[in-house]
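# Descriptive analysis of the structure
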Amino acid sequence: MTTDRAALLARIAENQQAMALAMVRQRLEQLLESRLSAARLHALVVLDALGPQAAGDLARALDVSAATVTGLVDGLVAAGLAERRPDPDDGRARIVHATPAGVQAWRDAVIGPTAIDDEILARLTDEDLELLSRASDVMRRAVTGSTGDD
């Protein structure tokens, strides 16, 4: 069976877009169900991605005032999602850290539990899973540039 490459690429792109839309819808539903406000979510993502921050640095990263970040951090600390620790370089200053619960909270809200993926995968036959496994290996190598040996 010979299929023209342009047609294959178009089919892959169409499937990718349909899957991306379905996954984004699921993730948005999770975000709407999350108890994290957009500001708290943003702060936790910044703390996880950039590491612990002084309040002023966090305020700049979030593009909010110092007063706003103080209230935001107070709420995160009260919820057990962040903590203030002494700055090792300046005993008077405090550094804001996301707690493991805070990291998990933002990841659950944005990425979600794998139960959604398990539910989708449960609809596939063993043959389809085998094909999908091989195809995902190929895509991972293409996306990450890995050889599959790492």
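Located above this text is the structure these notes cover.
The structure reproduced in this document is the subject of the present report. Quick caveat: nothing in here was measured; it's all calculated off a predicted structure.

How each quantity is defined
- Residues numbered from 1 in each chain as written.
- Predicted model: local features only at pLDDT ≥ 70, side-chain atom pairs only at ≥ 80, totals over all residues.
- Heavy atoms only, no water.
- Helix = DSSP H or I, 4+ residues; strand = E, 2+ residues; numbered from the N terminus.
- Rg over C-alpha atoms; globule rule 2.2 N^0.38 Å.
- Buried < 20%, exposed > 50% of the residue type's maximum accessible area, 1.4 Å probe, protein only.
- Contact = heavy atoms within 4.5 Å.
- 1 Å grid on protein atoms, 1.4 Å probe; cavity = no way out; pocket = protein on both sides within 12 Å on 5 of 7 lines; lining within 4 Å.
- Points joined across faces, edges and corners; volume = space filled by probe spheres on them.
- Nonpolar A, V, L, I, M, F, W, Y, C, P; charged D, E, K, R; others polar.
- Patch = residues over 30% accessible without salt bridge, like charges linked within 9 Å, V, L, I, M, F, W, Y side chains within 5 Å.
- Areas by Shrake-Rupley, 256 points an atom, 1.4 Å probe, with all protein chains shown as cover.
- Salt bridge = Lys/Arg side-chain N within 4 Å of Asp/Glu carboxyl O.
- Core = buried A, V, L, I, M, F, W, Y, C linked by side-chain atoms within 4.5 Å.
- Axes fitted to C-alpha atoms, helices over the stretch in contact; angles between N-to-C directions.
- Parallel < 35°, antiparallel > 145°, perpendicular 65-115°, else oblique.

## Looking at the overall build of the chain
Scanning the chain from N- to C-terminus turns up seven helices and three strands. From first element to last, N terminus to C terminus, the chain shows the α and β order α-α-β-α-α-β-β-α-α-α. Relative to its length of 150 residues, the chain is extended, with a C-alpha radius of gyration of 21 Å against a globular reference of 15 Å. Considering the chain as a whole, with its 150 residues, one finds that 21% of them fall into the buried category. For the chain, long-range pairs separated by at least 24 residues make up 47% of all intrachain contacts whose partners lie at least 6 apart in sequence.

## Re the layout of surface pockets
The volume enclosed by the largest pocket comes to roughly 1300 Å³. If you trace the largest pocket, you find 24 residues lining it, with Asn15, Met19, Leu132, Ala135 and Met139 closest to the centre. Here the element with the most residues in the lining of the largest pocket is helix H1 (residues 5-33); it accounts for 11 residues. Taken together, the residues that form the lining of the largest pocket break down as 15 nonpolar, five polar and four charged.

## Side note on the side chain of Gln53
Looking at the secondary structure, you find Gln53 in strand E1 (residues 53-54). Exposure remark for Gln53: the relative accessible area of 12% places this residue in the buried category. In this structure Gln53 touches Leu47, Leu58, Ile95 and Val96, once residues within four positions along its chain are discounted.

## Here's the deal with a nonpolar patch on the surface
A cluster of nonpolar residues, Leu121, Leu124, Leu129 and Leu132, forms a patch on the protein surface that exposes about 270 Å² of accessible area. For Leu132, a relative accessible area of 40% corresponds to the partly exposed category.

## Some details on the nonpolar core
Residues Leu36, Leu58, Leu62 and Leu76 are the most contacted members of the largest nonpolar core, which totals 19 residues. Every element with two or more residues in this core is listed here: helix H2 (38-50), helix H3 (55-62), helix H4 (66-78) and helix H5 (100-110). By residue number, the principal contributor to this core is H2, which donates five residues. Not counting chain neighbours up to four residues away, the residues in contact with Leu36 comprise Leu41, Leu44, Leu81, Ala105, Trp106 and Ala109.

## With respect to unusual backbone geometry
Among all residues save glycine, negative phi is the norm, and among peptide bonds the norm is trans. For Asp63, which is not a glycine, the phi torsion comes out positive at approximately 60°. Within the secondary structure, Asp63 sits in the loop between H3 and H4. On the accessibility criterion, Asp63 (71% relative accessible area) is exposed.

## Observations regarding the packing of H2 against H4
Any two packed helices are characterised by the angle at which their axes cross and by the distance between the axes. Running from N to C, H2 and H4 cross one another at 80°; their axes reach a closest spacing of 10 Å. Taken together, the axes of H2 and H4 lie roughly perpendicular to each other. Of the residues in H4, those in contact with Ala39, Arg40, Ala43 and Leu44 of H2 are Leu72, Gly75 and Leu76. By residue class, the composition of the contact of H2 with H4 is five nonpolar, one polar and one charged.

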